[in-house]
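These are the residues of each chain, in order.
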Amino acid sequence: MTAVDAPAPGAVRLSGRAGGHAVTGLAWRQVRRGSLIVAGVVAGMSAMVAATYASTVGDALDAAALAALAENPAIRTLFGEPIALDDPGGFTVWRTGTVLAVLLGVWGLLTATRITRGEEDAGRWELLAAGRVPVAGIVARHLAVLAGTLLTVGLVTVVALVAAGTAVAGAVLHGACLALVGLHFAAAGTLAAQVFPTRGAATGAAVALLGTGLLVRMVGDGVDALGWLRWLSPFGLAALARPYASDRVLPLVVLAATTAALVVAALVAAGHRDVRGGWLAAPSVRAPRRWLLGSVPGFAARRLTRPLLGWAAGVGSYYLLIGLLAVSMTEFLAANPRFADLAAEAGFAGLGSVEGYVAALFALLAIPVGVFVAVRVAAVAADETGRRLTLLYAQPVTRVRLLMAEVAVTGAGALLLAVGAGLLTWVGCVVVDAPLALGAAIAGTVNVLPIVLLCLGAAVLALGWAPGAVTAVGALPAVGGFLLHVLADSTGAPPWVGRLSPFAHLAPVPGLPPDLPAAAVMLATAGALALLGVAGYRRRDLRG
């Protein structure tokens with residue numbers, strides 16, 4: 001006879017329902033901090049633009065100016081179709097809608113892959129899935145928490161817009177569009193986490209989907225004959241809803257249906273795979289690939305190669321488009337100085353010339369490249385947590401040596417991204433006969449590297465002292481600095497508030513010479529942050 005072990009005294013046995021509640025609580029704890037930040041940014045920015053509309057924009061717009069704005073293909077490509085700009089809510093949707101939708105989409109997909117595939121990679125789902133809740137149920141509860149969080153962000157945005165004095169119907173439609181776009185990419189990230197066997201591959205696939213959707217929206221808005229493409233993009237569907245104008249519900253229904261299809265696909269895929277498995281499993285046997293494995297810097301370069309190519313494709317495509325639109329945009333702003341003045345109030349001065357136009361948009365390059373370096377340092381933290389560095393550290397390789405190689409290679413990757421963006425901007429300008437020299441274009445993109453290095457230093461600081469927040473801390477100088485710069489310029493904040501942003505000390509190169517003293521200060525600050533991070537990294541234990 002085989003004896004059955006009795007439960008240990010004091011052991012807690014969870015029923016299926018209680019276990020499900022525990023999984024839901026775990027998912028909420030993993031997203032609550034980020035969700036509060038995202039909700040504050042989305043609702044706060046929307047309310048600020050709507051509340052300051054009358055004092056900053058309303059008096060500058062007339063019928064002729066609005067007609068010229070709506071007819072310009074460059075404006076429509078970059079910012080979307082201008083609709084209901086004579087209404088504070090409509091202007092808010094046009095100015096912030098795409099930016100906030102991208103923010104929610106990126107946060108949704110990154111969070112989805114982090115709390116699903118990322119937790120599996122770290123080995124924390126093995127015991128969890130051994131309980132009463134199956135893998136599909138765990139995925140469903142994590143996705144439900146993300147859905148509730150994003151819908152709450154949309155609701156908070158609605159309240160903020162209504163409080164700012166905009167129409168209730170338009171506010172509700174816009175809030176629903178933002179929430180559904182975020183949920184669409186959260187579902188896409190969750191589905192990718194079931195298909196691909198690693199978090200990096202799942203995140204890359206979801207980011208590629210987001211970039212494709214944004215590019216499709218831009219082409220559909222910029223080319224009248226291809227306007228139907230907007231029905232194929234979540235961003236295009238949100239624009240077709242036309243909040244504060246015709247308030248169309250059908251695009252929202254289509255967006256909800258496609259999002260529901262992604263949710264169902266993710267749950268079905270989760271129910272037919274093993275823990276730590278994926279539908280596209282890596283081959284068990286393959287030829288050895290030893291390239292760049294002969295040194296620590298070579299190993300770091302090998303790890304960087306594939307992500308760098310993906311980021312270069314996305315950033316390069318955008319700045320090629322910037323070059324192609326240079327003549328159209330500058331001619332429009334020269335003929336409509338009202339909009340040039342409005343752009344200057346928002347922090348984008350000098351758009352009337354090609355060099356001023358590209359200089360203003362080169363400043364934006366610091367955001368994606370800054371996020372890139374933060375994500376690459378976060379990959380080191382993820383590899384440490386996933387115990388992929390344990391055997392490497394058992395070799396005669398110190399932590400500092402490995403980290404310095406990663407930092408140096410990441411910095412070189414950022415330089416390549418900046419140079420590539422400048423080169424492709426110049427190519428676009430050459431195609432449309434815009435007067436921009438190659439050296440000027442590359443000087444303008446390299447000019448943003450001090451902010452990027454601030455991000456790199458902040459990410460290393462977080463790796464040493466707060467390894468769970470590397471991406472957020474590393475992206476703060478670029479993302480947070482840009483938001484602070486725009487808000488300070490748009491709301492008439494005291495000058496010292498705007499000077500807290502590194503973008504306030506970034507000269508508009510190639511329109512003007514670079515601000516070398518400011519660049520030196522930023523580089524020194526970045527170096528100090530990195531040294532503090534290295535000191536913390538040496539002192540703390542490895543995570544596992």
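Residues numbered from 1 in each chain as written. Predicted model: local features only at pLDDT ≥ 70, side-chain atom pairs only at ≥ 80, totals over all residues. Heavy atoms only, no water.

Caption draft 1: The confidence of the model for the chain, seen in detail. In the predicted model, the chain carries a mean pLDDT of 85, and the fraction of residues at 70 or more is 87%. Averaged pLDDT values for the elements of the chain fall to 58 in helix 3 (residues 63–71) and rise to 96 in helix 20 (residues 449–465). Every residue in residues 1–14 scores below 50 in pLDDT, and together they form 5 contacts with partners more than four places removed in sequence or on other chains. (pLDDT = per-residue confidence, 0-100. Helix = DSSP H or I, 4+ residues; strand = E, 2+ residues; numbered from the N terminus. Contact = heavy atoms within 4.5 Å.)

Caption draft 2: Main features of empty space enclosed by the protein. Scanning all chains against the criterion turns up 2 cavities of 30 Å³ or more. In this structure, the largest cavity occupies an estimated 310 Å³ of space. Considering the residues around the largest cavity, the lining is formed by 19 residues, among which V93, G97, T98, A238 and A239 are closest to the centre. Mapped by element, the contributors of at least two residues to the lining of the largest cavity are helix 5 (88–121), helix 8 (168–195) and helix 10 (234–240). (1 Å grid on protein atoms, 1.4 Å probe; cavity = no way out; pocket = protein on both sides within 12 Å on 5 of 7 lines; lining within 4 Å. Points joined across faces, edges and corners; volume = space filled by probe spheres on them.)

Caption draft 3: Just the nonpolar core, in detail. Residues Y319, Y357, L365, L463 and V470 are the most contacted members of the largest nonpolar core, which totals 76 residues. Setting aside its immediate chain neighbours within four residues, Y319 contacts L361, F362, L364, L365, A421, L424 and T425. In this structure, M45, A112, L150 and L183 belong to the second largest nonpolar core, which totals 34 residues. (Core = buried A, V, L, I, M, F, W, Y, C linked by side-chain atoms within 4.5 Å. Buried < 20%, exposed > 50% of the residue type's maximum accessible area, 1.4 Å probe, protein only.)

Caption draft 4: Molecular detail of helix 9 (residues 199–222). When the terminal C-alpha atoms of helix 9 are compared, their 35 Å separation across 24 residues agrees well with the 34 Å that a helix rising 1.5 Å per residue should span. Listed in full, the buried residues belonging to helix 9 are A202, T203, A206, L210, G213, R217, M218, G220, D221 and G222. Two or three places before A201, at the start of helix 9, stands the capping residue T198, its side-chain oxygen 3.3 Å from that residue's backbone nitrogen. (Expected span 1.5 Å × (residues − 1). Polar contact = N/O pair within 3.5 Å; in protein donor to acceptor, adjacent residues only side chain to side chain.)

Caption draft 5: Representation of the pattern of salt bridges. All chains considered together, the criterion is met by 9 salt bridges. Ionic pairing is found between E406 and R303, a salt bridge with its closest N-O pair at 2.8 Å. With a gap of 103 residues between them, E406 in helix 18 (residues 399–431) and R303 in helix 12 (residues 296–324) connect regions that are remote in the sequence. Put simply, E384 and R540 hold a salt bridge, and the shortest N to O gap is 2.6 Å. Remark: R540 occurs in the segment after helix 23 (516–539) and E384 occurs in helix 16 (residues 366–385); sequence separation between them is 156 residues. Neither E384 nor R540 differs from the other in exposure class; each is buried. Overlapping salt bridges bring together E81, R217, D221, R230 and R242 as one network. (Salt bridge = Lys/Arg side-chain N within 4 Å of Asp/Glu carboxyl O.)

Caption draft 6: Representation of helix 7 (residues 135–163) within the structure. The end-to-end C-alpha distance of helix 7 is 42 Å, a good match for the 42 Å that 29 residues give at a rise of 1.5 Å each. Where helix 7 ends, the next residue or the one after it, G165, has phi of about 100°, a positive value.

Caption draft 7: The arrangement of unusual backbone geometry in detail. Here V509 and P510 are connected by a cis peptide whose omega angle stands at 15°. Take P510: it is sitting in the loop between helix 22 (495–498) and helix 23. Here D247, not a glycine, exhibits a phi torsion of approximately 50°, which is positive. Take D247: its relative accessible area is 28%, and that puts it in the partly exposed class. Phi is positive for D433, close to 60°, though the residue is something other than glycine. Following the sequence through the fold, D433 ends up in the loop between helix 18 and helix 19 (438–446). Overall, D433 belongs to the exposed group, its relative accessible area being 67%.

Caption draft 8: Looking closely at a nonpolar patch on the surface. A cluster of nonpolar side chains, namely V223, L226, W228, W231, L232, V249, L250 and V253, defines an oily patch on the protein surface of about 760 Å² accessible area. Tracing the backbone shows L232 in the loop between helix 9 and helix 10. (Patch = residues over 30% accessible without salt bridge, like charges linked within 9 Å, V, L, I, M, F, W, Y side chains within 5 Å. Areas by Shrake-Rupley, 256 points an atom, 1.4 Å probe, with all protein chains shown as cover.)

Caption draft 9: How the structure looks around the packing of aromatic side chains. Considering all chains together, one arrives at 7 aromatic pairs under this definition. Taking the centre distance of 5.5 Å and the plane angle of 25° together, the rings of F185 and F235 count as stacked. Of this pair, F185 sits in helix 8 while F235 sits in helix 10, and the two are 50 residues apart along the sequence. In this structure F185 comes out as buried when scored by relative accessible area, which is 1%. Between Y319 and F362 the ring centres are 6.0 Å apart and the planes differ by 35°, which places this aromatic pair in the tilted class. With a gap of 43 residues between them, Y319 in helix 12 and F362 in helix 15 (residues 354–363) connect regions that are remote in the sequence. Comparing Y319 with F362 shows no difference in burial state: the two are buried. (Phe/Tyr/Trp six-rings, centres within 6.5 Å; stacked < 30°, edge-to-face > 60°.)

Caption draft 10: Quick peek at the environment of M522. Topologically, M522 is positioned in helix 23. M522 gets classed as buried once you look at its relative accessible area, which sits at 7%. Once the C-alpha coordinates of M522 and V452 are considered, the two residues, 70 residues apart in sequence, prove to be 9.6 Å apart. Sequence-distant contacts of M522, defined by excluding residues within four places in its chain, comprise P450, I451, L454, P502 and H505.

Caption draft 11: A look at the packing of helix 12 against helix 18. Contact geometry for helix 12 and helix 18: axes closest at 8 Å, N-to-C directions at 25°. Taken together, the axes of helix 12 and helix 18 are roughly parallel relative to one another. In terms of crossing hand, the pair formed by helix 12 and helix 18 is right-handed. Looking at the contact of helix 12 with helix 18 residue by residue, the classes come out as 22 nonpolar, 6 polar and 3 charged. (Axes fitted to C-alpha atoms, helices over the stretch in contact; angles between N-to-C directions. Parallel < 35°, antiparallel > 145°, perpendicular 65-115°, else oblique. Left-handed = near helix turned anticlockwise from the far one by under 90°. Nonpolar A, V, L, I, M, F, W, Y, C, P; charged D, E, K, R; others polar.)

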